[in-house]
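Each chain is listed here by its residues.
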Amino acid sequence: MQISPKQLELVNEQVGRLVASGNYFGRRLSEAGVTEVRTAADFLALPFSEKQDLRDCYPLGLSAVPESEVVRIHSSSGTTGTPVIIPYTARDVEDWAEQFRRCYEMAGVTAEDRVQITPGYGLWTAGIGFQAGAERLGAMCIPMGPGNTEKQLQFMVDMRSTVLGATSSYALLLAEEIERRGIRDQICLRKGIIGSERWGRRMRERIKGELGIQIYDIYGLTEVYGPGIGISCDAEDGMHYWDDFIYIEIVDPVTGAPVPDGTFGEIVITTLVKEGAPLVRFRTHDISRIIPGACPCGSPFPRLDSIQGRSDDMMKIKGVNVFPRQIEEVLQEFPQLSSEYQIRISHLEGRDTMRIYVETDGTQDFLDLADAVSDEVKRRIGFTPLVKVVELGVLPRSEKKTRRVFDERYE
Ligand SMILES: [Zn+2]
C-alpha cells in the first residue's frame, strides 16, 4: 500500500524527533545522513529495523523522550536472549487504548458489555491492552488474568460476562470445559476477541460453535503498542488496521523490496505518532498481505490478511513463495482429512518437489483424494505438489509442537 501524503508528513516528524533525541535509531539515521522524508522514495530509502536492534538498546536506549515523560514500560517475551524494553509516554498509553477501543467497536462491543479478560497482565502487553481499550469504551472489565479455570467459569456465570478476551488455545479450553460441565445455558457470552496466536479455521469454528459466539481476531505486537493495532470485522475477511497510527508495508522477506497489494510477504510497520519508542520500518517477520479493495463491512480502514506464519517458515517451490499456513488452509477444505499433515521438500531430478502427507478416515479412495488435494493446492497457491494419503494415525504426533515441515534440500 503506497504511503499517503499525510502518513509521509507524520513519518517525517517521527524521523525529525528521532534524530533530535539522539537515541539509538536517531543516531543511526544521522549517520546515514537522513534528516527528512519528503517523498515515497525517501521513505523506501530508510533503513529497516529489526528485533535485534531493540535488544541492542537494552534497557532504555530505545527511548526518544526525556525520562520524565516515560510513564510505563513493557517488555516483549523472548524465550532466549536479552529482553526488549519498550517505553511508553502518557500519549502512547492513550493512543494504544484508543486503538483497542476501536477494535471493540469494530466487534460491536458497547458500554453495556462485560469483558472478561484472560490474557496475562504485567510486563506483557496483552491483559492491560484489553483492559485499557474496554475502559475507554465504557464497558465493565473483569480483569481475571490467565489460568484458574474454575474461577474463570464461576465469574463468567455469576458476573454474566458477555465478551471474552483470550488466546485461541485458552478460549478453546474454556469452551470444552463449559461443554463438559453442561453449563452452556448459564453462559451469557456473545463475542470473543481472540489474540496473539496463529490458529486455523477449524479451531475457530469449534470455539464459535461450542460457545455460540462471534469471534474476532486481533493483531498486534509489543514492539508496536501491543495487541489492538488491528482486528477482523463481521465480513471475516482479513483484519482492519488503524492506518492513522501505523503505516504497514509488505516486503519480500528475502530481498526487502515492496510487493504489490494482494501479494504475500513480510509485514513491516512504521509508527506514525509514537513518542516513547518510535519505530521506522520495523520488520515483524509475520507473513501476510494487504487485501486489495473495499471491505463489505464499509470500514474505510485497510485490511491485512490473517497471519500466515513467520518469514523463517517460508518455502520457495518452483519460484512460488509458500507458507505452511497456506497448505494448512487448503487441507482444512477437506473434512475427510485429519488435522495432521507433513510437508517434505526435496530436490528431485533437478526440480524442487513438495510432498504433502495427509491422513484420512478412509471414506474416499486414497488416489482420488490425493488428486483432489493436489488440484486444490495448484488452484489456490500455484504449483502442483505430490500428495500422499495415509491411514489415520500413521503420521507422528507429539505432546509438544509437532514438526510438520522438512526441507530435505538442505539436510
Ligand atoms: Zn471489514
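Since this is a predicted model, take the numbers as computed values, not measurements.

What counts as what
Residues numbered from 1 in each chain as written. Predicted model: local features only at pLDDT ≥ 70, side-chain atom pairs only at ≥ 80, totals over all residues. Heavy atoms only, no water. Donors = N, O, S within 2.8 Å, 3.2 Å for Na, K, Ca; no water. Tetrahedral: all angles 85-135°; square planar, octahedral: opposite > 155°, others 65-115°. Buried < 20%, exposed > 50% of the residue type's maximum accessible area, 1.4 Å probe, protein only. Pairing = 2+ DSSP bridges. Helix = DSSP H or I, 4+ residues; strand = E, 2+ residues; numbered from the N terminus. Axes fitted to C-alpha atoms, helices over the stretch in contact; angles between N-to-C directions. Contact = heavy atoms within 4.5 Å. Domains from an automatic or database assignment. Buried area = accessible area lost by both parts, 1.4 Å probe. Salt bridge = Lys/Arg side-chain N within 4 Å of Asp/Glu carboxyl O. Polar contact = N/O pair within 3.5 Å; in protein donor to acceptor, adjacent residues only side chain to side chain. Nonpolar A, V, L, I, M, F, W, Y, C, P; charged D, E, K, R; others polar.

Visitor: Just checking my understanding: could you explain the coordination of the zinc ion for this structure?
Guide: Six octahedrally arranged donors around a metal ideally form angles of 90 or 180 degrees; four tetrahedrally arranged donors ideally form angles of 109.5 degrees. Listed as protein donors to the zinc ion are Cys233 (SG), His240 (NE2), Cys295 (SG) and Cys297 (SG); their distances from the metal cover 2.1 to 2.3 Å. Between the four donor atoms coordinating the zinc ion, the angles at the centre fall across 103 to 115°, so the site counts as tetrahedral. Taken in chain order, the donor set of the zinc ion reads C-x6-H-x54-C-x1-C. A relative accessible area of 7% places Cys295 in the buried class. For Cys297, a relative accessible area of 36% corresponds to the partly exposed category.

Visitor: What is the right way to look at the sheet that holds strand S19 (residues 351–360) in this model?
Guide: Here four strands make up an open sheet; going across it, the order is S20-S19-S18-S21 and the pairing mixed. Each having just a single partner strand, strand S20 (386–391) and strand S21 (405–407) make up the two edges of the open sheet. Taking each pair of neighbouring strands and ignoring which way they run, the sheet shows an average axis angle of 15°. With nine bridges joining them, strand S18 (residues 337–348) and S19 adopt antiparallel strand pairing. Bridging across to S19, Ile343 finds its partner in Ile356. Its contacts with the sheet put helix H10 (residues 324–331) on S18, S19 and S21, and the angle it makes with S18 is roughly 135°.

Visitor: Just checking my understanding: could you explain the domain arrangement of the protein chain for this structure?
Guide: How large an interface is tends to be reported as the accessible area lost when its parts come together. Domain boundaries in the protein chain define domain 1 (89–310) and domain 2 (315–407). Using C-alpha coordinates to define each centre, domain 1 is positioned 29 Å away from domain 2. With twelve residues of domain 1 at the interface, the matching set in domain 2 holds 15 residues. Here domain 1 and domain 2 share an interface that buries about 1100 Å² over both sides, 37% of which is from carbon and sulfur atoms. At the junction of domain 1 with domain 2, the criterion picks out zero salt bridges. One can count one residue pair in polar contact (both at pLDDT 80 or more) joining domain 1 with domain 2. When grouped by side-chain class, the residues that make up the side of domain 1 that touches domain 2 number four nonpolar, three polar and five charged.

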